[in-house]
Protein chains: 2
Amino acid sequence: MPTPDRTSLTEIVAAGTAILEAGGLDRLTMQAVAERVGVRAPSLYKRVRSRDHLIALIAEQTLHDLTEQLEAAAGLPGSDPRENLRAVARAFRSFARDRPDSYGLVFSQPREIANPSEALLAFASKPVLDVAAALVGPDDALEAARTVTAWATGFIFLELGGRFRLGGDVERAFDFGVDLLADGLQAASKSHPEPVAR
Amino acid sequence: MPTPDRTSLTEIVAAGTAILEAGGLDRLTMQAVAERVGVRAPSLYKRVRSRDHLIALIAEQTLHDLTEQLEAAAGLPGSDPRENLRAVARAFRSFARDRPDSYGLVFSQPREIANPSEALLAFASKPVLDVAAALVGPDDALEAARTVTAWATGFIFLELGGRFRLGGDVERAFDFGVDLLADGLQAASKSHPEPVAR
DNA sequence: ACCTGAACACCGTTCAAGT
DNA sequence: ACCTGAACACCGTTCAAGT
């Protein structure tokens, strides 16, 4: 006779995320997750292949949440592309500050563990890709988006990891970086002066 | 009566690095390190406070090695600063490709674990700082160096983590990024047209 | 002073037995 | 069909006992 479900995959992922954000990856044990969802550790394996699999699921959920923030930040197609770049970069950064451990999971877990689906990746890339295309034109949009994403993820990593320790104003360095990218991308777009309106 | 030393801190760190590079962080167990240096696991605690401490030591050693590569890549003070930036960026990237797990340690371990000394950090920052200063002038050198470092570490992370999956040519994206930064920094230096020669 | 075996607490994971 | 206790292999770490 079947037992009624005492938890769900959604609940498990949510519990894992909460534990991760409260205490870091070391505290994310199967036992802690089980306790939080009101079940014994072995039962988790009915919904999750392994701890690594759970980590991958949390990373995917986090990437999804991040994408939502980026989309909300990116302005409408008509608005000033430089201001849009600023807004997207700031959204990136404030998300990472809000949820540093989840964010760290998305970008620093090895490929074998956290490997988001093709579809989710395309979805997540769109806001940055759009902003980049508006600045630099369609031909270099992918390269421009990769440059922006690389800079943003790197900056955030260095900041969260406390690697900016030579003094100076980190805020100023952030603005300096955004402006440099915005100026550079706009200058690089001279061969495509007309924004594509299609 | 004292027992003759059967290993050393240097040997332990080297063994840990080798294990890390061969099998990733998960395989870096105290037992594996002990076995490699010819000792039992508890003996390691005579030279190393904890596994996390050993990880921190490996990260420091790696940062030291990386710095050497960056220094070798950075040209003499007189040479073309744009070419120097290219060379430093390439050195960064090829080091990360050679030793991805060690590199990952340096930049993605939380502050509480891997926290390199002030002196080592200053030493490591110098090559990029010099290149940046040559391009942008002294006033914005720190911000410029942070922008370059952020882009490079981010790009490498995304590449190593297999996050560039939207097609396109990753090589071209790398060149695009370097050129954008070089052009942007040079343009930003217009208020300091004379390179500082001192 | 360094090294060791034994022990402890704690993991992730498996599995037979329950309902 | 889901849940559980018991068990297994394997961690990091401590410590008293050896030399």
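Note that this is a predicted model, so its numbers are computed, not measured. (Residues numbered from 1 in each chain as written. Chains lettered and ligands numbered in written order. Predicted model: local features only at pLDDT ≥ 70, side-chain atom pairs only at ≥ 80, totals over all residues. Heavy atoms only, no water.)

1. Digging into the relation of the copies chain B and chain A
Quick reminder of the rule: When the copies are overlaid, the least-squares fit takes in C-alpha atoms only where the residue has pLDDT of at least 70 in both copies. Here, two residues are considered to be in contact whenever any of their heavy atoms come within 4.5 Å of each other.
By a simple turn and slide, chain B fits onto chain A: the slide is 0.0 Å along the axis, the RMSD is 0.0 Å, and the turn is 180°. Both copies of the chain, as the preceding transformation shows, are related through a two-fold rotation axis. An overlap of 100% is found between the interface residues of chain B and their copies at the interface of chain A, pointing to a shared contact surface.

2. Some remarks on the protein's contact with DNA strand D
Stated formally: We call a residue near a given molecule or strand whenever any one of its heavy atoms falls within 4 Å of it. Throughout this description, a polar contact denotes any pair of N or O atoms lying within 3.5 Å of each other; where both atoms belong to protein, one of them has to be capable of donating a hydrogen while the other can accept it, and for residues adjacent in sequence the pair is counted only when both atoms sit in side chains.
Taken together, 21 residues form the shell around DNA strand D, and within it R6, R40 and S43 of chain A together with Y45 and R51 of chain B come nearest. A share of 71% is what sugar and phosphate atoms reach among the atoms of DNA strand D within 4 Å of the protein. One of the backbone N or O atoms of M30 of chain B is found 3.1 Å from a phosphate oxygen in DNA strand D.

3. What to know about the packing of helix α4 (residues 81–98) of chain B against helix α5 (residues 100–108) of chain B
How two helices pack is summed up by the angle between their axes together with the distance between the axes. Residue and element names in this part refer to chain B. To keep things clear, this is the line we draw: Here an angle of 0 to 180 degrees is reported between the N-to-C directions of two axes, which are lines fitted to C-alpha atoms, with helices fitted over the stretch in contact. By the criteria applied, helices consist of DSSP H or I runs no shorter than four residues and strands consist of E runs no shorter than two, each listed in order from the N terminus. Orientation labels follow simple angle bins: below 35 degrees gives roughly parallel, above 145 gives roughly antiparallel, 65 to 115 gives roughly perpendicular, and whatever is left gives oblique. Note on residue classes: Ala, Val, Leu, Ile, Met, Phe, Trp, Tyr, Cys and Pro are nonpolar, Asp, Glu, Lys and Arg are charged, and everything else, Gly too, is polar.
Running from amino to carboxyl end, α4 crosses α5 at an angle of 115°, the nearest separation of the two axes being 5 Å. Here α5 runs roughly perpendicular to α4, going by the angle between their axes. Contacts from F92, F95, A96, R97 and D98 in α4 reach P100, Y103 and F107 in α5. When grouped by side-chain class, the residues that make up the contact of α4 with α5 number six nonpolar, no polar and two charged.

4. Structural notes on the side chain of T67 of chain A
Relative to the elements of secondary structure, T67 of chain A occurs in helix α3 (residues 51–73). With residues near it in sequence (within four places) discarded, T67 of chain A still touches F123, A124 and P127 of chain A.

Honestly, it's all geometry; don't read function into it.
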